[in-house]
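The primary structure of each chain is shown beneath.
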Amino acid sequence: DQGAMIVNDVWGLQFDPAMAPLVAKRRVPVIAMHNRESADESIDIVANVLAFFTRTLDIAAHAGIPRDDIVLDPGIGFGKTPEQSIICLARLAEFKRFGLPLLVGASRKRFINSVTPSAPDRRIGGSIASHLIAVATGASIVRVHDVAETVQALRITSAIEAARKADTK
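Everything in this summary refers to the structure shown in the same document. (Residues numbered from 1 in each chain as written. Predicted model: local features only at pLDDT ≥ 70, side-chain atom pairs only at ≥ 80, totals over all residues. Heavy atoms only, no water.)

### Observations concerning the packing of helix H5 (residues 124-136) against helix H6 (residues 147-167)
Relative to each other, H5 and H6 sit at 45°, their axes nearing to 10 Å. Taken together, the axis directions place H5 and H6 in an arrangement best described as oblique. As for the relative orientation of H5 and H6, their crossing is right-handed in sense. From H5, Ile128, Leu132 and Val135 reach across to H6, where they touch Glu149, Thr150, Ala153, Leu154 and Thr157. Residues belonging to the contact of H5 with H6 are distributed by class as follows: five nonpolar, two polar and one charged. (Axes fitted to C-alpha atoms, helices over the stretch in contact; angles between N-to-C directions. Helix = DSSP H or I, 4+ residues; strand = E, 2+ residues; numbered from the N terminus. Parallel < 35°, antiparallel > 145°, perpendicular 65-115°, else oblique. Left-handed = near helix turned anticlockwise from the far one by under 90°. Contact = heavy atoms within 4.5 Å. Nonpolar A, V, L, I, M, F, W, Y, C, P; charged D, E, K, R; others polar.)

### Overview of helix H2 (residues 45-63)
The end-to-end C-alpha separation of H2 is 27 Å, in line with the 27 Å expected for 19 residues at 1.5 Å each. The complete set of buried residues in H2 reads Ile45, Val46, Val49, Leu50, Phe52, Phe53, Thr56, Leu57, Ile59 and Ala60. Structurally, H2 contributes buried residues whose contacts are with helix H1 (19-26), strand E2 (30-33), strand E3 (70-73) and helix H3 (82-90). Positioned one or two residues after H2, Gly64 has a phi angle of 90°, which is positive. (Expected span 1.5 Å × (residues − 1). Buried < 20%, exposed > 50% of the residue type's maximum accessible area, 1.4 Å probe, protein only.)

### Observations concerning the packing of H2 against H3
Running from N to C, H2 and H3 point in directions that differ by 65°, and their axes come no closer than 9 Å. With respect to each other, H2 and H3 are oriented roughly perpendicular. Where H2 crosses over H3, the handedness of that crossing is right-handed. Taking contact as the criterion, the partners of Ile45, Val46 and Val49 in H2 are, on H3, Gln84, Ile87 and Cys88. Taken together, the residues that form the contact of H2 with H3 break down as five nonpolar, one polar and no charged.

### A closer look at the nonpolar core
Nonpolar side chains in soluble globular proteins tend to end up buried together. Judged by nonpolar contacts, the single largest core of 35 residues is most densely connected at Leu13, Ile65, Ile70, Leu72, Phe95 and Val104. When residues of this core are traced back to their parent elements, those giving at least two are H1, E2, H2, E3, H3, strand E4 (102-104) and helix H4 (110-115). Each residue touching Leu13, except ones within four places of it in the same chain, is listed here: Met19, Ala20, Val30, Thr56, Ile59, Ala60 and Ile65. (Core = buried A, V, L, I, M, F, W, Y, C linked by side-chain atoms within 4.5 Å.)

### What to know about the pattern of salt bridges
This structure, assessed with the given rule, holds four salt bridges. The partner of Arg108 in a salt bridge is Asp146, and the shortest N-O contact between them spans 2.7 Å. Of this pair, Arg108 sits in the loop between E4 and H4 while Asp146 sits in the loop between strand E5 (139-142) and H6, and the two are 38 residues apart along the sequence. (Salt bridge = Lys/Arg side-chain N within 4 Å of Asp/Glu carboxyl O.)

### Regarding H3
Every buried residue of H3 is listed here: Pro82, Gln84, Ser85, Cys88 and Leu89. Seen along its axis, H3 keeps its buried residues to an arc of 165°; they face one direction. Among the structural elements, H2, E4, H4 and H5 are those in contact with the buried residues of H3. (Arc of directions from axis to C-beta.)

This is the structure we're talking about:
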């Protein structure tokens, strides 16, 4: 009612039963993020995310949200151990099976600290590395803190890839 143009639901339409009908009624795109109340190191996190997204898409379809209005976010750092966040990034391509855009927000997350101890404002390198891999393996959108640095890294990566492909022709 206040003019929101997109909904970023950190519970993937599964927490508030009024969310999906509201998104459908307002006809706005939704970012549906995977989340858990707490991390559980014993689960297969990729299987959990896949099942979660399947349920999210069922809820969205039932509410009348067009698939073209949905972006999926594996929720790096949310309800996951640092190792599980890394696994989600390493296996990001598996989430492409839904045929929807993927958003990754790995910027300055705690999992970076688990690999290379650092304060959040010192995790720029890890953030950029994570987002470069995410884009290379299927992310359409990255949520970042350090916009200029990330754009520069993505443009350089793209230029190098283009030159590499041109060189192999």
